[in-house]
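# Coordinate inspection notes
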Amino acid sequence: MEILVKTKTLRLKWDLPIDRRTYEEIGKIMVNILPLIKRVVIADSEGAIIEVELIEGQEDDIKKLRDTLKHVDMWFEGEEDPDVIENERLRRLFSKKLS
């Protein structure tokens, strides 16, 4: 049985200054994607561009993880609109604060 492996570019972006909650979310993301990383293109104080190798189902797992984030934007480059991802995250962040 052949396993199809796809290489995709995952983008991460967060705002400065980085607070404890942002660090926690970055750690949560890294724990989940470390085994998938093929290459880190760039990583700095505001985000990262990471190539990941995925098998079927792992892309959906990453998107489900993204739905829990309130301080970090995460999207697949060229496939998703970063503005839509940011708006969804902000909606999650502010709906929690308003409740």
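Let me sum up the structure you'll find in this document. (Residues numbered from 1 in each chain as written. Predicted model: local features only at pLDDT ≥ 70, side-chain atom pairs only at ≥ 80, totals over all residues. Heavy atoms only, no water.)

### Some points on the nonpolar core
- Leu10, Leu12, Ile29, Val52, Ile62 and Met74 are the most contacted members of the largest nonpolar core, which has 17 residues in total.
- Those elements that place two or more of their residues in this core are β1 (6-14), α1 (20-33), β3 (47-54), α2 (58-66) and β4 (72-76).
- Top element by residues in this core is β3. It accounts for four residues.
- Residue contacts for Met74: discarding those within four places in its chain leaves Leu10, Arg11, Leu12, Ile29, Ile62, Leu65, Arg66, Leu69 and Ile85. (Core = buried A, V, L, I, M, F, W, Y, C linked by side-chain atoms within 4.5 Å. Buried < 20%, exposed > 50% of the residue type's maximum accessible area, 1.4 Å probe, protein only. Helix = DSSP H or I, 4+ residues; strand = E, 2+ residues; numbered from the N terminus. Contact = heavy atoms within 4.5 Å.)

### Brief notes about the layout of surface pockets
- Space inside the largest pocket adds up to approximately 160 Å³.
- Residue lining of the largest pocket: eleven residues in total, with Asp15, Thr22, His71, Arg89 and Leu93 positioned closest to the centre.
- Considering each element in turn, the lining of the largest pocket owes the most residues, four residues, to helix α3 (residues 82-98).
- In terms of residue class, the lining of the largest pocket is built from three nonpolar, two polar and six charged. (1 Å grid on protein atoms, 1.4 Å probe; cavity = no way out; pocket = protein on both sides within 12 Å on 5 of 7 lines; lining within 4 Å. Points joined across faces, edges and corners; volume = space filled by probe spheres on them. Nonpolar A, V, L, I, M, F, W, Y, C, P; charged D, E, K, R; others polar.)

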